Amino acid sequence: MSSISIRRVSADSAVDRESWATIRAICCRTGNNGEPIADDRWEFFSKLWIEPYEKILPEWPYVAEADGTIVGYLTGCPHTKSFSRAKRWRCTLPLISRILFGSLRHAPGARGFAWQELGIRKSAEKSFARTILSDISRLYPAHLHMNVERQFRRAGIGKRRLERFSADLRRQGVSGIHLFCGGDPMPFYLGAGFQALGTSHFRGSEVF
């Protein structure tokens with residue numbers, strides 16, 4: 001096994017431009033429940049899942065490197081509510097404009113995202129009771145999502161990224177972390193100390 005190191009991405013996204021390009025690529029190679037997404041979804045998918053962190057909180061993602069090559073990442077933020085407000089204006093509304101009127105009009109899945117953001121269609125997160133969402137916001141204000149290349153899975157890399165992220169959050173006095181996920185990643189997160197706070201059925205699948 002290659003030597004693995006974990007580092008926090010530079011706060012200056014221009015300095016770490018290559019790292020961000022690699023993070024986007026890994027996101028798209030692993031975004032379909034660990035498998036690659038379709039080629040024609042790459043631009044939309046990376047703008048949806050990666051671009052907000054690069055623009056708004058470039059100092060918070062972490063990368064796992066094997067002999068100097070990035071093989072996994074963790075993106076997240078300490079305060080989801082403030083991040084979501086900034087994301088709406090700086091990323092989501094421009095993305096919706098490109099979906100409805102610009103170059104992403106035909107990207108698979110893009111219009112469904114736009115309808116959710118405009119309140120026309122319910123999202124997975126909004127399928128949970130308001131009381132659960134309120135408790136999450138109050139008790140577990142930070143959030144994360146992470147991926148790793150196939151050949152480096154089950155090697156403890158996810159746990160190491162999570163430990164580094166959690167330690168940095170504790171130093172800032174952040175009380176907890178949340179995420180929404182399907183059933184496949186649940187054993188990992190439960191083993192890492194997370195709890196299932198609620199379950200919802202969304203389009204035929206369970207969401208935790």
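Attention in this report is confined to the structure presented alongside it.

Rules used in this analysis
- Residues numbered from 1 in each chain as written.
- Predicted model: local features only at pLDDT ≥ 70, side-chain atom pairs only at ≥ 80, totals over all residues.
- Heavy atoms only, no water.
- 1 Å grid on protein atoms, 1.4 Å probe; cavity = no way out; pocket = protein on both sides within 12 Å on 5 of 7 lines; lining within 4 Å.
- Points joined across faces, edges and corners; volume = space filled by probe spheres on them.
- Nonpolar A, V, L, I, M, F, W, Y, C, P; charged D, E, K, R; others polar.
- Phe/Tyr/Trp six-rings, centres within 6.5 Å; stacked < 30°, edge-to-face > 60°.
- Buried < 20%, exposed > 50% of the residue type's maximum accessible area, 1.4 Å probe, protein only.
- Lys NZ or Arg CZ within 6 Å of the ring centre and 35° of its normal.
- Pairing = 2+ DSSP bridges.
- Helix = DSSP H or I, 4+ residues; strand = E, 2+ residues; numbered from the N terminus.
- Contact = heavy atoms within 4.5 Å.
- Axes fitted to C-alpha atoms, helices over the stretch in contact; angles between N-to-C directions.
- Core = buried A, V, L, I, M, F, W, Y, C linked by side-chain atoms within 4.5 Å.
- Polar contact = N/O pair within 3.5 Å; in protein donor to acceptor, adjacent residues only side chain to side chain.

**Quick notes on the layout of surface pockets**
Within this model, the second largest pocket holds a volume of roughly 620 Å³. As for the second largest pocket, its lining consists of 31 residues, of which Ile-177, His-178, Gly-193, Phe-194 and Gln-195 are closest to the centre. Tallied by class, residues from the lining of the second largest pocket come to 20 nonpolar, eight polar and three charged.

**Points about the packing of aromatic side chains**
Across all of its chains, the model carries eight aromatic pairs by this definition. Between Tyr-189 and Phe-194 the ring centres are 5.4 Å apart and the planes differ by 75°, which places this aromatic pair in the edge-to-face class. In this structure Tyr-189 comes out as buried when scored by relative accessible area, which is 8%. Under the relative-accessibility criterion, Phe-194 is labelled buried at 18%. Here the guanidinium or amino end of Arg-8 rests over the ring plane of Trp-60, the centre of that ring lying 4.1 Å away.

**Examining the sheet that holds strand 2 (residues 62-66)**
Spatially, five strands are ordered 1-2-3-4-5 in an open sheet, and the strand pairing comes out mixed. Edge strands, defined here as strands with exactly one partner in the open sheet, are strand 1 (4-8) and strand 5 (177-178). Relative to strand 5, strand 4 (residues 142-148) runs parallel, the two being bridged by two bridges. Bridge assignment links His-143 to a residue of strand 5, and that residue is His-178. Along the sheet, helix 4 (residues 80-101) contacts strand 3 (69-77), strand 4 and strand 5; its crossing angle with strand 4, the most-contacted strand, is approximately 75°.

**Some points on the pairing of strand 3**
Burial of strand 3 is extensive: eight of the nine residues sit out of reach of the surface. Relative to strand 3, strand 2 is paired through five bridges, and the arrangement is antiparallel. Counterpart to Tyr-62 in the pairing with strand 3 is Leu-74. Hairpin connection from strand 2 to strand 3: two residues lie between these consecutive antiparallel strands, with Asp-67 at a positive phi of about 50°. Pairing analysis gives six bridges linking strand 3 to strand 4, with the strands arranged antiparallel. Across the sheet, residue Leu-74 finds its bridge partner in strand 4, namely Met-146.

**With respect to the nonpolar core**
Residues Leu-144, Phe-165 and Ile-177 are the most contacted members of the largest nonpolar core, which totals 43 residues. With residues up to four places along the chain from it excluded, the contact list for Phe-165 reads Trp-60, Tyr-62, Leu-74, Gly-76, Cys-77, His-143, Leu-144 and Ile-177. Counting 10 residues, the second largest nonpolar core, distinct from the first, contains Phe-44, Ile-96, Ala-110 and Ala-114.

**Focus: the side chain of His-178**
Topologically, His-178 is positioned in strand 5. Only 2.8 Å separates the side chain of His-178 from the backbone oxygen of Tyr-140, close enough to count as a polar contact. Ignoring sequence-local partners within four residues, the contact set of His-178 consists of Thr-80, Ile-136, Tyr-140, Pro-141, Ala-142, His-143 and Leu-144.

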